[in-house]
Amino acid sequence: MLVGLGTAGAGDDPAPFLSSPKEAKYLGLQDRLGVVAAGRAAAGLALDPDRTGLFLAVGHLPFDPPDIDRVLAASLDEDGDFSLPRFTSVGWTRARPLLAFRCLPNVVAYHIASALGIRGPCSVGYPGPGQLHAALEEAVDALAEGLVDHAVVGGIAAQRNWLVEHHHARLVPPVPADTLVEAAGVMVLARSADAPLARLVGMHATFEPSPSVAWEEPGGDGLRRGPAALPVALATRALPLRHEVRGPDGVRCATTWEVA
(Lines give C-alpha, C1' and ligand atoms only; values in the text may rest on other atoms or scores of the structure.)
Protein backbone atom coordinates (compact mmCIF):
# COMPACT_ATOMS: atom_id res chain seq x y z
CA MET A 1 0.00 0.00 0.00
CA LEU A 2 1.27 3.45 -0.90
CA VAL A 3 0.52 5.76 2.04
CA GLY A 4 2.93 8.67 1.49
CA LEU A 5 4.43 10.42 -1.51
CA GLY A 6 6.74 13.41 -1.81
CA THR A 7 8.89 15.05 -4.48
CA ALA A 8 11.55 17.75 -4.46
CA GLY A 9 13.43 20.02 -6.84
CA ALA A 10 16.73 21.88 -6.69
CA GLY A 11 15.35 25.05 -5.10
CA ASP A 12 13.53 23.45 -2.16
CA ASP A 13 14.63 24.24 1.41
CA PRO A 14 15.42 21.22 3.63
CA ALA A 15 15.60 23.23 6.88
CA PRO A 16 12.04 22.44 8.07
CA PHE A 17 12.75 18.72 7.85
CA LEU A 18 16.16 18.53 9.56
CA SER A 19 16.48 17.22 13.11
CA SER A 20 19.09 19.93 13.76
CA PRO A 21 19.76 23.18 11.85
CA LYS A 22 23.51 22.48 12.15
CA GLU A 23 23.16 19.57 9.72
CA ALA A 24 22.49 21.96 6.84
CA LYS A 25 26.20 22.70 6.31
CA TYR A 26 26.85 19.03 5.58
CA LEU A 27 24.17 18.70 2.90
CA GLY A 28 25.01 18.52 -0.78
CA LEU A 29 22.30 18.95 -3.40
CA GLN A 30 21.37 15.27 -3.49
CA ASP A 31 21.08 15.27 0.31
CA ARG A 32 18.78 18.32 0.23
CA LEU A 33 16.63 16.74 -2.46
CA GLY A 34 16.29 13.49 -0.52
CA VAL A 35 15.51 15.13 2.82
CA VAL A 36 12.79 17.36 1.36
CA ALA A 37 11.12 14.57 -0.63
CA ALA A 38 11.24 12.18 2.34
CA GLY A 39 9.93 14.82 4.74
CA ARG A 40 6.99 15.56 2.47
CA ALA A 41 6.26 11.85 1.94
CA ALA A 42 6.25 11.11 5.67
CA ALA A 43 4.23 14.15 6.71
CA GLY A 44 1.33 13.12 8.94
CA LEU A 45 2.43 9.48 9.20
CA ALA A 46 3.23 7.76 12.48
CA LEU A 47 6.44 5.87 11.70
CA ASP A 48 7.87 3.51 14.30
CA PRO A 49 11.64 4.20 14.15
CA ASP A 50 12.58 0.53 14.63
CA ARG A 51 9.88 -0.83 12.32
CA THR A 52 10.55 1.47 9.38
CA GLY A 53 13.06 0.60 6.64
CA LEU A 54 14.84 2.89 4.20
CA PHE A 55 15.45 1.75 0.62
CA LEU A 56 17.11 4.21 -1.76
CA ALA A 57 18.57 4.58 -5.23
CA VAL A 58 20.91 7.55 -5.63
CA GLY A 59 22.06 8.89 -8.99
CA HIS A 60 25.56 9.44 -10.35
CA LEU A 61 28.01 11.23 -8.08
CA PRO A 62 27.92 15.01 -8.60
CA PHE A 63 31.14 17.00 -9.04
CA ASP A 64 31.90 20.44 -10.45
CA PRO A 65 35.31 21.63 -11.76
CA PRO A 66 36.24 23.72 -8.68
CA ASP A 67 36.05 20.52 -6.60
CA ILE A 68 38.31 18.62 -8.99
CA ASP A 69 40.75 21.20 -10.39
CA ARG A 70 42.93 21.61 -7.31
CA VAL A 71 43.12 17.84 -6.81
CA LEU A 72 44.23 17.42 -10.42
CA ALA A 73 46.73 20.29 -10.28
CA ALA A 74 48.51 18.67 -7.34
CA SER A 75 48.51 15.27 -9.08
CA LEU A 76 50.43 16.22 -12.24
CA ASP A 77 54.10 15.44 -12.81
CA GLU A 78 56.75 17.74 -14.33
CA ASP A 79 55.50 16.96 -17.85
CA GLY A 80 51.90 17.84 -17.00
CA ASP A 81 50.75 14.21 -17.00
CA PHE A 82 48.61 12.65 -14.31
CA SER A 83 50.75 10.84 -11.74
CA LEU A 84 49.13 8.20 -9.55
CA PRO A 85 51.94 8.43 -6.94
CA ARG A 86 51.41 12.20 -6.70
CA PHE A 87 47.65 11.77 -6.49
CA THR A 88 47.90 9.21 -3.68
CA SER A 89 50.49 11.19 -1.72
CA VAL A 90 49.45 14.82 -2.28
CA GLY A 91 46.63 15.30 -4.78
CA TRP A 92 43.80 13.75 -2.80
CA THR A 93 44.62 15.93 0.21
CA ARG A 94 43.68 19.04 -1.80
CA ALA A 95 39.98 18.13 -1.76
CA ARG A 96 37.77 20.09 0.60
CA PRO A 97 37.33 18.13 3.88
CA LEU A 98 33.53 18.04 3.62
CA LEU A 99 33.47 17.09 -0.06
CA ALA A 100 32.92 13.37 0.57
CA PHE A 101 29.94 14.14 2.79
CA ARG A 102 28.34 16.07 -0.08
CA CYS A 103 28.57 13.43 -2.80
CA LEU A 104 28.57 9.86 -1.45
CA PRO A 105 25.30 7.95 -1.98
CA ASN A 106 25.12 6.48 1.52
CA VAL A 107 25.32 9.96 3.07
CA VAL A 108 21.91 10.70 1.55
CA ALA A 109 20.55 7.72 3.47
CA TYR A 110 22.05 9.04 6.70
CA HIS A 111 20.43 12.45 6.37
CA ILE A 112 17.01 10.99 5.51
CA ALA A 113 17.23 8.51 8.39
CA SER A 114 18.27 11.29 10.75
CA ALA A 115 15.48 13.61 9.60
CA LEU A 116 12.78 10.92 9.95
CA GLY A 117 14.28 9.14 12.96
CA ILE A 118 14.51 5.82 11.10
CA ARG A 119 16.46 2.99 12.74
CA GLY A 120 15.24 0.01 10.71
CA PRO A 121 16.95 -1.83 7.84
CA CYS A 122 18.58 0.27 5.14
CA SER A 123 19.94 -0.27 1.64
CA VAL A 124 21.33 2.11 -1.00
CA GLY A 125 21.55 1.36 -4.73
CA TYR A 126 23.32 3.29 -7.48
CA PRO A 127 22.74 4.98 -9.94
CA GLY A 128 19.69 4.51 -12.21
CA PRO A 129 16.00 3.64 -12.49
CA GLY A 130 16.83 -0.08 -12.41
CA GLN A 131 18.30 0.33 -8.95
CA LEU A 132 15.19 2.19 -7.77
CA HIS A 133 13.16 -0.78 -8.96
CA ALA A 134 15.47 -3.12 -7.00
CA ALA A 135 14.98 -0.94 -3.90
CA LEU A 136 11.22 -1.19 -4.36
CA GLU A 137 11.40 -4.97 -4.64
CA GLU A 138 13.49 -5.17 -1.46
CA ALA A 139 11.01 -2.94 0.36
CA VAL A 140 8.04 -5.04 -0.77
CA ASP A 141 9.79 -8.21 0.40
CA ALA A 142 10.61 -6.65 3.79
CA LEU A 143 6.97 -5.68 4.25
CA ALA A 144 5.69 -9.11 3.17
CA GLU A 145 8.09 -10.89 5.55
CA GLY A 146 7.03 -8.68 8.45
CA LEU A 147 10.49 -7.19 8.91
CA VAL A 148 9.06 -3.66 8.80
CA ASP A 149 5.65 -2.00 9.03
CA HIS A 150 6.62 0.92 6.79
CA ALA A 151 9.16 1.21 4.00
CA VAL A 152 10.53 4.54 2.79
CA VAL A 153 11.54 4.07 -0.85
CA GLY A 154 13.20 6.88 -2.75
CA GLY A 155 15.12 7.93 -5.83
CA ILE A 156 17.41 10.98 -5.82
CA ALA A 157 19.21 12.45 -8.84
CA ALA A 158 21.50 15.53 -8.80
CA GLN A 159 22.39 15.65 -12.49
CA ARG A 160 23.07 19.23 -13.61
CA ASN A 161 26.76 19.33 -12.78
CA TRP A 162 29.92 18.92 -14.82
CA LEU A 163 30.77 15.31 -13.97
CA VAL A 164 27.30 13.85 -14.50
CA GLU A 165 26.74 15.83 -17.70
CA HIS A 166 30.18 14.76 -18.98
CA HIS A 167 29.41 11.10 -18.27
CA HIS A 168 26.11 11.15 -20.11
CA ALA A 169 27.59 13.01 -23.08
CA ARG A 170 29.94 10.03 -23.60
CA LEU A 171 27.16 7.43 -23.76
CA VAL A 172 26.04 5.89 -27.05
CA PRO A 173 23.67 7.44 -27.87
CA PRO A 174 24.66 10.56 -25.88
CA VAL A 175 22.21 12.14 -23.44
CA PRO A 176 21.90 15.93 -23.88
CA ALA A 177 22.58 17.89 -20.70
CA ASP A 178 19.37 19.88 -21.03
CA THR A 179 17.31 16.70 -20.67
CA LEU A 180 18.82 15.82 -17.30
CA VAL A 181 16.69 16.85 -14.33
CA GLU A 182 17.59 17.39 -10.68
CA ALA A 183 14.78 15.67 -8.83
CA ALA A 184 13.86 13.40 -5.97
CA GLY A 185 10.81 11.31 -5.23
CA VAL A 186 10.04 9.28 -2.13
CA MET A 187 7.28 6.76 -1.53
CA VAL A 188 6.16 5.41 1.83
CA LEU A 189 4.71 1.90 1.66
CA ALA A 190 2.82 0.20 4.49
CA ARG A 191 1.76 -3.36 5.25
CA SER A 192 -1.79 -2.11 5.83
CA ALA A 193 -3.62 1.21 5.75
CA ASP A 194 -7.14 2.54 6.14
CA ALA A 195 -6.91 5.06 3.30
CA PRO A 196 -3.94 4.30 1.01
CA LEU A 197 -3.06 6.55 -1.91
CA ALA A 198 -2.55 3.63 -4.30
CA ARG A 199 -1.91 -0.09 -4.48
CA LEU A 200 1.06 -1.73 -6.22
CA VAL A 201 -0.37 -4.64 -8.21
CA GLY A 202 2.52 -5.66 -10.45
CA MET A 203 6.19 -5.20 -11.15
CA HIS A 204 8.87 -6.86 -13.24
CA ALA A 205 12.32 -6.13 -14.61
CA THR A 206 14.33 -7.45 -17.56
CA PHE A 207 17.86 -6.88 -18.82
CA GLU A 208 18.28 -6.08 -22.50
CA PRO A 209 21.98 -6.22 -23.41
CA SER A 210 22.91 -3.96 -26.30
CA PRO A 211 26.03 -2.11 -27.44
CA SER A 212 23.96 1.08 -27.48
CA VAL A 213 20.91 1.35 -25.22
CA ALA A 214 18.61 4.36 -25.38
CA TRP A 215 17.47 5.79 -22.06
CA GLU A 216 13.67 5.81 -22.16
CA GLU A 217 11.34 7.40 -19.63
CA PRO A 218 7.58 7.86 -20.03
CA GLY A 219 5.83 11.20 -19.88
CA GLY A 220 6.46 12.68 -23.29
CA ASP A 221 8.54 15.62 -22.08
CA GLY A 222 11.89 14.06 -23.05
CA LEU A 223 13.35 14.65 -19.58
CA ARG A 224 15.40 12.10 -17.64
CA ARG A 225 14.86 11.84 -13.90
CA GLY A 226 16.77 8.59 -13.43
CA PRO A 227 16.02 6.88 -10.11
CA ALA A 228 13.44 9.58 -9.30
CA ALA A 229 11.33 8.79 -12.39
CA LEU A 230 8.83 6.39 -10.79
CA PRO A 231 7.89 8.36 -7.65
CA VAL A 232 7.69 11.61 -9.66
CA ALA A 233 5.34 9.90 -12.13
CA LEU A 234 3.15 8.68 -9.27
CA ALA A 235 2.98 12.23 -7.92
CA THR A 236 2.10 13.85 -11.25
CA ARG A 237 0.05 11.33 -13.22
CA ALA A 238 -3.41 9.87 -12.68
CA LEU A 239 -4.20 6.34 -11.55
CA PRO A 240 -4.35 3.64 -12.74
CA LEU A 241 -0.75 3.93 -13.86
CA ARG A 242 1.61 1.60 -15.67
CA HIS A 243 5.12 3.02 -15.46
CA GLU A 244 7.83 1.59 -17.68
CA VAL A 245 11.40 2.88 -17.90
CA ARG A 246 14.63 1.66 -19.46
CA GLY A 247 17.89 3.03 -18.16
CA PRO A 248 21.14 3.42 -20.11
CA ASP A 249 22.37 0.16 -18.52
CA GLY A 250 19.71 -1.82 -20.44
CA VAL A 251 17.55 -2.63 -17.40
CA ARG A 252 13.87 -2.23 -18.25
CA CYS A 253 11.46 -1.96 -15.33
CA ALA A 254 7.69 -1.79 -15.16
CA THR A 255 5.27 -1.27 -12.29
CA THR A 256 1.48 -1.14 -12.26
CA TRP A 257 -0.46 0.91 -9.72
CA GLU A 258 -4.20 1.06 -9.13
CA VAL A 259 -6.60 3.06 -7.02
CA ALA A 260 -6.75 1.37 -3.63
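In what follows, the structure referred to is the one given above.
Described below are features of the structure shown in this document. (Residues numbered from 1 in each chain as written. Predicted model: local features only at pLDDT ≥ 70, side-chain atom pairs only at ≥ 80, totals over all residues. Heavy atoms only, no water.)

1. A short note on the pattern of salt bridges
Link 1 in the chain: Across all of its chains, the model carries 14 salt bridges by this definition.
Link 2 in the chain: Taking the shortest distance from any N to any O, the salt bridge between Glu-216 and Arg-252 comes out at 3.5 Å. One end of the pair, Glu-216, is in the loop between strand S6 (199-207) and helix H7 (229-236); the other, Arg-252, is in strand S8 (residues 251-258), and 36 residues separate them in sequence.
Link 3 in the chain: A relative accessible area of 35% means that Glu-216 is categorised as partly exposed.
Link 4 in the chain: Here the salt bridges do not stand alone but share partners, grouping Glu-208, Glu-216, Arg-242, Glu-244, Arg-246 and Arg-252 into one network. (Salt bridge = Lys/Arg side-chain N within 4 Å of Asp/Glu carboxyl O. Helix = DSSP H or I, 4+ residues; strand = E, 2+ residues; numbered from the N terminus. Buried < 20%, exposed > 50% of the residue type's maximum accessible area, 1.4 Å probe, protein only.)

2. Focus: the sheet that holds S6
Link 1 in the chain: The sheet built from three strands is open, its strands ordered S6-S8-S7 with antiparallel pairing. Edge positions in the open sheet fall to S6 and strand S7 (241-246), since each of these has one partner strand only. Each strand of the sheet is rotated relative to its neighbour by a mean of 10°, with strand direction disregarded.
Link 2 in the chain: Where S6 lies against S8, eight bridges are found, and the strand directions are antiparallel. Paired with Ala-205 across the strands is Cys-253, a residue of S8.
Link 3 in the chain: This element, H7, spans S7 and S8 of the sheet and lies at about 150° to S7. (Pairing = 2+ DSSP bridges. Axes fitted to C-alpha atoms, helices over the stretch in contact; angles between N-to-C directions. Contact = heavy atoms within 4.5 Å.)

3. Points about unusual backbone geometry
Link 1 in the chain: Pro-173 follows Val-172 through a cis peptide bond whose omega is 0°.
Link 2 in the chain: With respect to the helices and strands, Pro-173 occurs in the loop between helix H6 (162-169) and strand S5 (183-190).
Link 3 in the chain: The linkage connecting Leu-239 with the following residue, Pro-240, adopts the cis geometry, with an omega of -5°.
Link 4 in the chain: As for its position among the elements, Pro-240 is in the loop between H7 and S7.

4. Section: the sheet that holds strand S4 (residues 150-157)
Link 1 in the chain: With respect to topology, five strands assemble into an open sheet ordered S1-S5-S4-S2-S3, the strand pairing being mixed. Lying at the two open borders of the sheet, with one neighbouring strand each, are strand S1 (2-9) and strand S3 (122-125). Put simply, the sheet's adjacent strands are angled 10° from each other on average, direction ignored.
Link 2 in the chain: In this structure, strand S2 (residues 52-58) lies alongside S3, joined through four bridges in parallel fashion. In the strand pairing of S3, Leu-56 is matched with Val-124.
Link 3 in the chain: Of the strands in this sheet, S2, S3 and S4 are in contact with helix H4 (residues 105-116), which crosses S2 at around 145°.
Link 4 in the chain: Running at roughly 175° to S4, helix H5 (residues 129-144) makes contact with S2, S3, S4 and S5 of the sheet.

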